[in-house]
Structures are given as C-alpha cells and as structure tokens.
Amino acid sequence: MPLATLKFAPGIVKDDTSYSSEGRWIDSDKIRFWNGKPEKLKGWQKAFTSQFSGTCRGLLQWRDNSENALIAVGTHTHLYVVKGGLFYDVTPVEDSGNLSNAFTVTSGSAVVTVTDSAHGMVDGNRIVLGAASFNGISWSANTEFVVTVTTSNEYTFTAAQNASSSGSSVGGTVAYQYLLNPGSTSSVFEFGWGVGTWDTPRANNEGWNVPEDSGGIEVDARTWQFDTFGEDLVASVKGKPLILWDASAGVANRATFLDDTTTGDSGAPNTTSGVIVSTPDRHLVALGADDPLTVSFASQETTNTWTAAITNTAGSQTLTGGSRIVGARRTRGQILIWTDTTLHSMTFRGPPYTFGFRELATGCGLSGPLAAVEVGGITYWMGINQFFAFDGSVRPLIGPVNNFVFEDFNDVQNEKVVAGLDKEHNEVFWFYPSSGSSENNRYCKFNYRENVWDVGTMDRSAWSDAQVFDSNIGAETNGYLYFHERGEDEDGAAMHSFIVSADMDIGDGNEVMFVDRALPDLTVAGNSQITFKARKDALSTFTEKGPFTVSSSTSKINPRVRGRQMAIKVETNEVGASWRLGHTRVDMKPDGER
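Residues numbered from 1 in each chain as written. Predicted model: local features only at pLDDT ≥ 70, side-chain atom pairs only at ≥ 80, totals over all residues. Heavy atoms only, no water.

> If you had to explain the sheet that holds strand β38 (residues 427-432) to someone new, which residues and values would you point to?
The strand order β37-β38-β39-β40 describes an open sheet built from four strands, whose pairing is antiparallel. Each end of this open sheet is capped by a strand with a single partner; those strands are β37 (418-422) and β40 (452-457). Neighbour-to-neighbour, the strand axes of this sheet turn through a mean angle of 20°, independent of strand direction. When β37 meets β38, the two strands line up antiparallel, connected through five bridges. Bridging across to β38, Val418 finds its partner in Phe431. (Pairing = 2+ DSSP bridges. Helix = DSSP H or I, 4+ residues; strand = E, 2+ residues; numbered from the N terminus. Axes fitted to C-alpha atoms, helices over the stretch in contact; angles between N-to-C directions.)

As structure tokens, then:
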C-alpha cells in the first residue's frame, strides 16, 4: 500500500473522547503551535542569582528617567525594586516612633520581649530598630528583626547575643519602624464564631479579643497590583492605602503610603484593592477605595489631592453589580474595571465630571486581580468557569479545554491566577492551581493568531511580558525570577515536553492493519522519542511500541504495531533537546487477527 500521511489539526482537545477527536491532539506539556505545527517550548534561565523572600504575586518592568531598567517584585512579605541585578527592599513603613524602656530579657536567653500597646503586628512581621545596648544585648542602628506575636500588646524577637542579666522595662529610648504586615500566602476562610486563638491576632491582625479594624477581614492571598506614575512606582495590596516609591530618591529609600496623613488630604483612601493610572490624562486611580465597589481618582498630575473641589479634577464613583472590585486594565481609549460578576468601562471626559462610567456586561467577572491581559486592543481574561475577550464587546472564548481547566481547579485559590503574555508567539498563558494544589501548577494557553489552545504544567506565581527587558519574566515559588524563551532547558535541567494524538483509524478502521514502517517528519536537536500505540477498538487496551529514538540522522523507524486504531506520542526529556513535528508518514497493510 502507498504511504499514508498522518495529519493533525493544530490545538489540544481535552473536552471530548479520544476517538471522536480523530485528527486532533489530546494532551500536551510545554509545547506551542506555530504555523499550525507543534514544537517544543523554549526554556528559561535564572534572571538573577539572588533570591527574593516570600511568594511573588506581582511583577512590573519599567525605566526611570535616567533609563535605568527596573523591576518591581511584590511578595507576601516584601516589596522589592530590582536594579542592576540586585534586589532592594523598599517595603513601606506601617508605623514608626520610639519605644521607651519597652524591653524585657532573661539572663542566658537571646529572646527579647517588647511591650507596645496595640502594636498591630502579626507573626513574621519585620521591624527595624535604632541602636540599643542593655543587659549584655546590643544591636546597631537600622537592624531588622522578625517578630513573634504573643499578645496584641507584646511581641518577641531574637537578638544576636544572650542577655548577661535579667531585666524588665529596660533599654531606654529606641526608635522603631514596623514594616508592612506580611499577607497571607494562600486564601483562607476565617469567618465564624470560635475561629482563632484567644487573645492572639490572626494573619490579618484580627481574632479573639482583638477588635476588627476598618479594613475588614483579609481572606485572600496577597497579590500586588503595579503601575507607573511618570518614573515612580505606584502599588496596591488589598486592605492598605496606595503605595508610592519615588524613583528619584533611589533604591536606598523605602516606598511610602499615600494615606490621609501622608497626603494631608482627608479624602485620600486608607484602604484599597487595586491601582491603575489613566493615560494620557495622568490620573492616579484607586480601586476599592474605602469601599469594595468605589473607584477614587486623585486630581490630574497629582498623587495627594483626593477631595473633589471645583478647582481640581479629583472624584469618585461607586459601581453597581457584584460585591467588590477585582482588577482593571487599560485598553483603547478606556480603562476596563472588573468586579467579581461584572465589567465596567471608565472613560476620561474632562471637567466637570472628569470620568464617565458604564456597565459593559454581567456574568463575566474576573477570577483574580492578575488574570487579565491586553494586547492589540483586545483584552483576554479568565472569569469564573469561563474565558472571555473584549474587543468592543464582551464575548466568551469557547475552547476545547474549558472543562479540563475548570473541573480540576482550586476555586479557593482563584486570586492566584496569573495571565501572562508572550507577544512574540501570539500567546496568552493562564497559570492556575489545580484542585489538588494550593499554588499555580498548571497552565492553559491561547494562541490568539491561530485560535488554538494547549495545556501543560508550570510553577509560575507572577509574570511580566517582555518590555524593558528582551525576555518575558516569570516568578517561581522557589524565590527566583526567570527569563523565558532562553535556551532549551529548565534552568539547565532537562525539560520534559510532549504531545499526544487522539486515536485515528488505521486505514478505514474496518479491519486490523499492520504498521511496519514510519518516516518521521521531525526537525530535531539532540534526540526525541516517538511512541506508537494501537488497539482493536475504542475500549480495548493499547499495545505500545517504543519509544523510538529519533535524531537528525534518523530516516525511518519500524514500529510493527497492529490494530484498527492508532495514536502517537512525541516527546523529549534530555538537556539541550528540541523538536518540531511535521507530517509523519506510515507504511501499513491489512493484517489478520492474532
């Protein structure tokens, strides 16, 4: 018989049976489709040798006015600015002042107990203290400690030396700075009577015998939203005021809160859930401003004028629909603002109202604050149990992987979903946690030029597409940033990449066929493997032949496989290997039952 060509349509189909998906691919990991053909993803390499502390859930690249390349890195414990490959801690100060004879120590112990009424801290909080020396314990100015909270009025930390004598109410006057409280690494539910330990604050500083503050209960994993106001960085974490880092002051200076005290404006929001800058009019916009559904904006070209007056362009608007604002993205001529159930448009109009707001659609809320991207005037996002796009109107993205993604999805951790853009390859990633994972361990990917989907596994908690740097940057939960599309490997380790076809009839599927020879159409660096699987009907067990190693010198392989249906798998799992698959041809002939 003449050689038969194995042709497959591009894209992965996960939401149908293998046999009904004939002519398609049904499983994959770390591949992409380029001009209709599958190939292995490029690899990634560490961007910097230094690690960051905490779990990163926010990245932004930009340049200051001196053309320095900068990266903002927000973790659940720190805010960093990366400059020249070094991580600089610019976490804002939440409270500062002087402690007066607030220390208690025990002879032979390095544990220092500090008394500070209503200190507002949680376990893991970082403090910076001025110089002190007492009872054999000492430290220099600007020494950082990590605290353990014992009560709402006391906490402890460990000094570098043991005390030479016991003492209470000692230490004299010591300056302190309490840095931004650490957020939660995962979303948790902390509602209900009896939750928590008596007289011990939870991670949000509330609990038994600890009064609830005006910010409410933070149950979501801490994520960061970033933007730039000129060369300066503006940031937001849920339940806190907006944060500003002044690039002209340099990396030796910490970011500051833009609250009613620092701005001198009582209209400045003291709690927010997000931030975005309106362009080209340059209004700083706070989302969830002192109310989960309120949008507030400072007067044009300012960060400290928030109270509306006839002499400025400040103002606010409360949205309807949903229970809270989740996130926002700029697109052509407007800002898109999502609640948990609706999508709204914010458009600059000028005085006297400054901005106009309108609801665009319902039932299309955003799954998490980092779950949307915009490219070429089209915005793509992951909602609740659905993907969407906005190109002037909202439309669902109906793909053949929807059920696969959302039926094995950890809904409690949906705040962690990260949308990542790879403009070079026309792809949008969504990194998400599967039902058995508390961190992002999977991705689904949409090629918006070829209108195809694929799926795979990868640990990425934040993403920034190539802008200032020539590579996309991804954050992993191991504390490193990675440049993507670099080399062929996972930071020097072999990358396991594969694609699996659906069952296809051998011949017309009416009789058992024998496949004796295959001519692989592969562009290969290193070695790849092809496995052939065959069975006599859709419910019988596969017989596998292979894997057969294919290199650039391989002209043919002899699978010698029998059946009515056949599937193939192409993969690599060695350092430096890559592959791209074309149209493999097979030699087959009728064969009797055995």
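> So, the environment of Ala502: which residues are in play, and what are the values?
Structurally, Ala502 can be placed in the loop between β44 (497-501) and β45 (504-505). C-alpha of Ala502 to C-alpha of Phe226: the two residues are 276 residues apart in sequence and 43 Å apart in space. Not counting residues up to four positions away in its chain, the partners in contact with Ala502 are Ser18, Ser21, Glu22, Arg24, Trp25, Ile26, Met566 and Ala567. (Contact = heavy atoms within 4.5 Å.)

> For the packing of aromatic side chains, give the residues involved together with the corresponding values.
By the definition in use, this model includes 36 aromatic pairs. Residues Phe387 and Phe406 carry aromatic rings whose centres are separated by 5.1 Å and whose planes lie at 50° to one another, so their mutual orientation is tilted. You can see Phe387 sitting in strand β35 (residues 387-390) and its partner Phe406 sitting in helix α2 (residues 402-406), a full 19 residues away along the chain. The pair Phe387 / Phe406 is uniform in exposure class, with both members buried. Taken together, the ring pairs connect Tyr380, Phe387, Phe406, Phe409, Trp430, Tyr432, Phe446, Tyr448 and Trp453 into an aromatic cluster. Sitting over the ring of Trp44, Arg460 keeps its end group 4.7 Å from the ring centre. The lysine or arginine in question, Lys533, covers the ring of Phe542, its NZ or CZ lying 4.6 Å from the ring centre. (Phe/Tyr/Trp six-rings, centres within 6.5 Å; stacked < 30°, edge-to-face > 60°. Buried < 20%, exposed > 50% of the residue type's maximum accessible area, 1.4 Å probe, protein only. Lys NZ or Arg CZ within 6 Å of the ring centre and 35° of its normal.)

> Describe the pattern of salt bridges, and please don't skip the residues or the numbers.
The final tally for this structure, using the stated rule, is 32 salt bridges. For Glu439, the salt bridge identified is with Arg57, shortest N-O distance 2.9 Å. Of this pair, Glu439 sits in the loop between β38 and β39 (442-447) while Arg57 is found in strand β6 (residues 56-63), placing the two residues 382 residues apart along the sequence. Arg57 matches Glu439 in its accessibility class, with the two residues each being buried. The network of salt bridges with common partners includes Arg32, Asp422, Glu427, Lys445, Asp454 and Glu485. (Salt bridge = Lys/Arg side-chain N within 4 Å of Asp/Glu carboxyl O.)

> Residues and numbers for unusual backbone geometry, please.
Note on backbone geometry: most residues besides glycine have negative phi, and most peptide bonds are trans. Residue Pro351 is joined to Pro352 through a cis peptide bond whose omega torsion reads 5°. Along the chain, the position of Pro352 falls in the loop between β31 (342-350) and β32 (354-362). Note that the residue after Gly546, namely Pro547, is joined by a cis bond; omega there is 5°. Looking at the secondary structure, you find Pro547 in strand β49 (residues 543-550). The backbone phi angle of Asn35 is positive, close to 55°, even though this residue is not glycine. As for its placement among the helices and strands, Asn35 is situated in the loop between β3 (31-34) and β4 (37-40). You can call Asn35 partly exposed: its relative accessible area is 47%. A positive phi angle, close to 65°, is found at Asn142, a residue other than glycine.

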